[in-house]
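Fold and contact review
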Amino acid sequence: MEALRLAADLTGLGILGDDSRSALVRTWGRSFARLAEWQTTLMARVAAAGPTDGPDADPAAQLAMLTGEVIPRVERLQSYVWRRHLTSAAGRRLAGSEGPSTNETTRQAVAFVDIVGFTSQSRSMREAELVGWIETFESRSTEVVVDHGGRVIKNIGDEVLLVADTPAAAARLVHLLVSMGADEDDPVPAVRAGVAYGDVVTRLGDVLGPTVNIAARLTSLARPGTVLVDDGMREELEDSPVWSLRRVPRASVKGYSSLRPWALRHRD
């Protein structure tokens, strides 16, 4: 009842309409369902690894005790993280020269970074190895993206979708990730990347539109350890002293009968 009252308050304040209210429910549902599933799996694993004899040996009792101890702390941390992201998102909205932006379409560089040979390699891995492999990829890619001015939109299995405000920033990000994957001494798996620059529709924390689709198609065409970009990226980077671009034969991919990629390389 309290949740319904809060939702009604937001509607009365003009924050939520019929369309945005439904969309918010769906987005919260998906996001928190995944988060709750991961958190309960983690706590169950800790409970199962507890004492094997004595009064504390019952895993169900252990899980109940952990829940009482953990949930209040997790709730506070989640609120803190949300506020940090809210501040960051608000800052980007306010950064425009014309004041706060309500436009959901912006020009951004969109990139997909995909693990090479994921399906074949994952078949030979034990569960713990597979989880560790993916965890390494996700954590290292997130570090690189955040440290160099990009934003991770989402991880989709064996690939990460990211955005950057400028083509130069996106080029730097994907180059670093591909370079780490090519280093045999680095635990980051071998990857390939596709980057496109143009109008992007932002909705509920996701990105949509032809620019996103082109980036995905370019990734599917890229060879291991390479980066393919579209004409939008090429136009922005062709005069750069840092990057070189080589024309790649046109390709027919889903939705695009004649997609023209460019191979991006660092001049060093």
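The notes below deal with the structure included here. (Residues numbered from 1 in each chain as written. Predicted model: local features only at pLDDT ≥ 70, side-chain atom pairs only at ≥ 80, totals over all residues. Heavy atoms only, no water.)

Helix and strand content of the protein chain: eight helices and ten strands. Over its C-alpha atoms, taken along the principal directions, the protein chain stretches across nearly 70 × 55 × 30 Å. Looking at the 268 residues of the protein chain, the share that counts as buried comes to 30%. The contacts in the protein chain between residues at least 6 apart in sequence include a share of 62% that link residues at least 24 apart. Entry remark: accessible area of the protein chain is about 16,900 Å², with carbon and sulfur atoms responsible for 55%. Across the protein chain, 31 positive and 35 negative side-chain charges occur, with their mean positions spaced 6 Å apart. (Helix = DSSP H or I, 4+ residues; strand = E, 2+ residues; numbered from the N terminus. Buried < 20%, exposed > 50% of the residue type's maximum accessible area, 1.4 Å probe, protein only. Contact = heavy atoms within 4.5 Å. Areas by Shrake-Rupley, 256 points an atom, 1.4 Å probe, with all protein chains shown as cover. Lys, Arg positive; Asp, Glu negative; His and termini not counted. Charge placed at Lys NZ, Arg CZ, Asp CG, Glu CD.)

On inspection of all chains with the given rule, the structure shows eleven salt bridges. For the salt bridge of E2 with R5, the shortest nitrogen-to-oxygen distance reads 3.2 Å. Taken together, the positions of E2 and R5, both in helix α1 (residues 2-12) and three residues apart, correspond to about one turn of that helix. Residue classification places E2 among the partly exposed residues on the basis of a relative accessible area of 46%. Take R5: its relative accessible area is 46%, and that puts it in the partly exposed class. With a shortest N-O distance of 3.1 Å, D186 and R140 are connected by a salt bridge. Taken together, the residues D186 in the loop between α6 (167-182) and β4 (191-203) and R140 in helix α5 (residues 127-147) connect sequence positions 46 residues apart. Its relative accessible area of 16% is what places D186 among the buried residues. R140 gets classed as partly exposed once you look at its relative accessible area, which sits at 22%. (Salt bridge = Lys/Arg side-chain N within 4 Å of Asp/Glu carboxyl O.)

Counting 33 residues, the largest nonpolar core has V113, V195, V227 and M233 as its most contacted members. Setting aside its immediate chain neighbours within four residues, V113 contacts F137, D158, E159, V160, L162, V174, L177, V191, R192 and A193. (Core = buried A, V, L, I, M, F, W, Y, C linked by side-chain atoms within 4.5 Å.)

On to α5. With 21 residues, α5 should cover 30 Å at 1.5 Å per step; its first-to-last C-alpha distance of 30 Å lies within 8% of that length. Inspection of α5 places W133, I134, F137, S141, V144 and V145 among the buried residues, and these make up the whole buried set. The arc enclosing the buried residues of α5, seen along the axis, measures out at 105°, which places them on a common side. Along α5, exposed side chains directed more than 90 degrees from the buried face belong to E127, A128, V131, V146 and D147. Packed against the buried residues of α5 are β1 (105-115), α4 (118-123), β2 (151-156), β3 (159-164), α6 and β4. Just downstream of α5, G149 is the residue with a positive phi angle, here 85°. (Expected span 1.5 Å × (residues − 1). Arc of directions from axis to C-beta.)

Mapped onto the fold, L264 is located in strand β10 (residues 262-266). For L264, a relative accessible area of 8% translates into the label buried. In this structure, the C-alpha to C-alpha distance between L264 and R246, residues 18 residues apart in sequence, is 6.8 Å. When near neighbours in sequence (up to four residues on either side) are disregarded, L264 contacts A171, V227, V229, L237, W243, S244 and L245.

With that settled, consider the side chain of S240. Looking at the secondary structure, you find S240 in the loop between α8 (231-237) and β7 (243-247). At 3.5 Å, the side chain of S240 forms a polar contact with the backbone nitrogen of W243. (Polar contact = N/O pair within 3.5 Å; in protein donor to acceptor, adjacent residues only side chain to side chain.)

Relative to the helices and strands, S79 resides in helix α3 (residues 59-94). Looking at S79, the relative accessible area reads 32%, which means it is partly exposed. Remark: the alpha-carbon pair of S79 and Y197, spanning 118 residues in sequence, is separated by 33 Å.

Checked against the element boundaries, T27 lands in helix α2 (residues 18-48). Relative accessible area serves as the criterion here: at 16%, T27 is assigned to the buried category. A C-alpha to C-alpha distance of 9.0 Å links T27 and G205, two positions 178 residues apart in sequence. Of note is the side chain of T27, whose polar atom sits 2.9 Å from the backbone oxygen of A23.

The next subject is a nonpolar patch on the surface. A cluster of nonpolar side chains, namely L10, L13 and I15, defines an oily patch on the protein surface of about 310 Å² accessible area. The partly exposed category is assigned to L10, whose relative accessible area is 33%. (Patch = residues over 30% accessible without salt bridge, like charges linked within 9 Å, V, L, I, M, F, W, Y side chains within 5 Å.)

Bringing the packing of aromatic side chains into the picture now. Tallied over the full model, the rule gives one aromatic pair. When the centroid spacing of 5.7 Å and the interplanar angle of 5° are considered together, the rings of F118 and W133 count as stacked. With F118 in helix α4 and W133 in helix α5, the pair connects residues that are 15 residues apart, well separated along the chain. Note on accessibility: F118 and W133 belong to one class, buried. (Phe/Tyr/Trp six-rings, centres within 6.5 Å; stacked < 30°, edge-to-face > 60°.)

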